[in-house]
Every structure is written in structure tokens, then in C-alpha cells.
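Spelled out from the first residue to the last, the chains are:
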Amino acid sequence: MKNEQSTFFSTYEIAYLAMTVAACVVGRMLFQFIPNIQPMTAIFLILTYQLGVSRGLVVNVLSLLITNLYMGMGIWTISQILSFSVVIGCMGLLCRWPTFRKKRSLQVIFSVLAGFLYGLVIAMIDVQIYGMPQFWPYYLAGLYFDLLHGLGNGMFYLLLAPIFQQLFYHIKKKA
């Protein structure tokens, strides 16, 4: 596997990233009937943990563009991409801390908090885009959805991290 500094993707990485984008798209579509509970955020975090920020950002952009083609494309797509990018960037920073990398419990806690971070960032962006007069009422109205997002992230992280870790291990072995 190429390291984080490399700008080129190996053939195995491209296949892995394509599979990950497909998992994000299918997961988001499959759970769309449950507000804010879908595996996409957890997958972004797992991928960022395994391959780094640049790969997480690539999957973020592709997954959101593809799913929003099905579910509705609009100015909010920019807000979503930017909000997930902040979450992915924070995961990348935390992954530099050896204790965080060793303890899955810390990763799950961050995945739950990532739901709230995503909600905060998207609210800050949306207030500006839509010209809303006040931030706090808008943000507070969405806290319940942030809670659902966070709980879903924690659940999906616990379920999917071991699976993606095994897939990554097998791909890395072949590279």
C-alpha cells in the first residue's frame, strides 16, 4: 500500500476505495428511511483510520455525489461534503495519537461525537448559505438528529470496523 504522502493509488487501493464507496452508497440508500442513521460516517472514519485522510476525503466526495444523485442534489451537498471533511480531518489528527490508534473504545467514542461535530459544522454552513438570522435556534432544533447520527455512528463503527480491518488486511497482503 502507498503511504499517506503518496498521491498515486495502487490498483488494490483503487479497488478497495471503489468497494468502500459502494458500501457507503448502498448503506445510505438502505437506511434512508431512518433519519440520520446510516453507516456512511462510520465507514469514512474507519477508512481514514486505515488509509489516512486523503483516502477518506476521496470516498467522502464520491459517496456523497453518487448518493445525492439518487436522493437529491442541491446546495446542501456542499455543506455535507465540507462537514464530513471536518470530521475526517479530526479523525486524521486523532489517529496521530498512539493511544487512540490502539483503543477501539476511543474510536467508538469519537464516532459518536462525530455525529454532533457534523451537525455543528453543517448548521454553521447552512445558516450562512440560507441566510438564517440566528444560529442557535437552528442548531438546537437539530440536536435530536445529531444524537441519532452519533448513536448510529457508534453502532456501525463497532459492527463494521472489524470487517473493514479484515478486508484491508487481505488487500494489503496482496499489494
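Enquirer: Sorry if this is basic, but what is going on with the nonpolar core here?
Expert: Side chains of nonpolar character tend, in soluble globular proteins, to be buried together. Of all hydrophobic cores here, the largest spans 37 residues; its most connected members are Y16, F44, L45, V59, M91, F110 and Y157. Secondary structure elements with two or more residues in this core: helix 1 (11–30), helix 2 (40–51), helix 3 (53–71), helix 4 (76–94), helix 6 (104–129) and helix 8 (143–174). With 9 residues, the top contributor of residues to this core is helix 2. Those residues in contact with F44 that sit more than four places away from it in its chain are C24, V59, N60, S63, F84 and I88.

Enquirer: What is the right way to read the packing of aromatic side chains from this model?
Expert: Aromatic ring pairs are described here by two measures, namely the spacing of the ring centres and the angle between the planes. Evaluation of the coordinates by the stated rule reveals 9 aromatic pairs. An angle of 75° between the planes, with centres 5.2 Å apart, marks the rings of F31 and F156 as edge-to-face. Of this pair, F31 sits in the loop between helix 1 and helix 2 while F156 sits in helix 8, placing them 125 residues apart in sequence. Using a relative accessible area of 24% as the deciding quantity, one classes F31 as partly exposed. The exposure class assigned to F156 is buried, which follows from its relative accessible area of 6%. Arranged with centres 6.5 Å apart and planes meeting at 80°, the rings of F100 and F110 form a pair that is edge-to-face. With a gap of 10 residues between them, F100 in helix 5 (residues 98–102) and F110 in helix 6 connect regions that are remote in the sequence. This pair shows no difference in class: F100 is buried, exactly as F110 is. Here the aromatic residues F44, F84 and Y118 are joined through ring pairs into a cluster of three or more. The cationic tip of R101 hangs over the ring face of Y49; the distance from NZ or CZ to the ring centre is 4.4 Å.

Enquirer: I tried to follow the side chain of S63 on my own but got confused; where do I start?
Expert: Position of S63 relative to the elements: it lies in helix 3. In contact with S63, not counting residues within four places along its chain, are V21, C24, V25, M40 and F44.

Enquirer: Whenever I open this one, a nonpolar patch on the surface confuses me. Can you help?
Expert: Residues L62, L65, I66, L69, Y70, M71 and M73 make up a contiguous nonpolar surface patch of roughly 670 Å² in combined accessible area. Relative to the assigned elements, L62 resides in helix 3.

Enquirer: Got a minute to help me understand helix 6 in this structure?
Expert: Residues that lie three or four places apart on an α-helix share one face, since the helix turns once every 3.6 residues. Here helix 6 is 26 residues long and its end C-alpha atoms lie 36 Å apart, about the 38 Å a rise of 1.5 Å per residue gives. Of all the bends in helix 6, the greatest measures close to 30° and is centred on L113. Following helix 6 by one or two positions, G131 adopts a phi angle in the positive range, close to 65°.

Enquirer: What should I look at first to understand unusual backbone geometry in this one?
Expert: Most of the time, phi is negative for any residue but glycine, and the peptide bond is trans. Backbone geometry at N36 places phi at a positive 65°, although glycine is not the residue there. Take N36: it is sitting in the loop between helix 1 and helix 2. Here N36 falls in the partly exposed class, since its relative accessible area comes to 32%.

Enquirer: Is there a simple way to think about the packing of helix 4 against helix 6 in this case?
Expert: Packed helices, taken two at a time, are described by their axes: the angle between them and the distance between them. It is the contact of helix 4 with helix 6, at a shortest axis distance of 8 Å, that shows an interaxial angle of 140°. In terms of orientation, helix 4 and helix 6 fall into the oblique class. Crossing hand, helix 4 versus helix 6: right-handed. Of the residues in helix 6, those touching helix 4 at S79, Q80, L82, S83, F84, V86, V87, C90, M91 and L94 are F110, A114, L117, Y118, V121, I122, I125, D126 and I129. In terms of residue class, the contact of helix 4 with helix 6 is made up of 15 nonpolar, 3 polar and 1 charged.

Rules used in this analysis
Residues numbered from 1 in each chain as written. Predicted model: local features only at pLDDT ≥ 70, side-chain atom pairs only at ≥ 80, totals over all residues. Heavy atoms only, no water. Core = buried A, V, L, I, M, F, W, Y, C linked by side-chain atoms within 4.5 Å. Buried < 20%, exposed > 50% of the residue type's maximum accessible area, 1.4 Å probe, protein only. Helix = DSSP H or I, 4+ residues; strand = E, 2+ residues; numbered from the N terminus. Contact = heavy atoms within 4.5 Å. Phe/Tyr/Trp six-rings, centres within 6.5 Å; stacked < 30°, edge-to-face > 60°. Lys NZ or Arg CZ within 6 Å of the ring centre and 35° of its normal. Patch = residues over 30% accessible without salt bridge, like charges linked within 9 Å, V, L, I, M, F, W, Y side chains within 5 Å. Areas by Shrake-Rupley, 256 points an atom, 1.4 Å probe, with all protein chains shown as cover. Salt bridge = Lys/Arg side-chain N within 4 Å of Asp/Glu carboxyl O. Expected span 1.5 Å × (residues − 1). Bend = angle between axes of the 7 residues up to and from the residue. Axes fitted to C-alpha atoms, helices over the stretch in contact; angles between N-to-C directions. Parallel < 35°, antiparallel > 145°, perpendicular 65-115°, else oblique. Left-handed = near helix turned anticlockwise from the far one by under 90°. Nonpolar A, V, L, I, M, F, W, Y, C, P; charged D, E, K, R; others polar.

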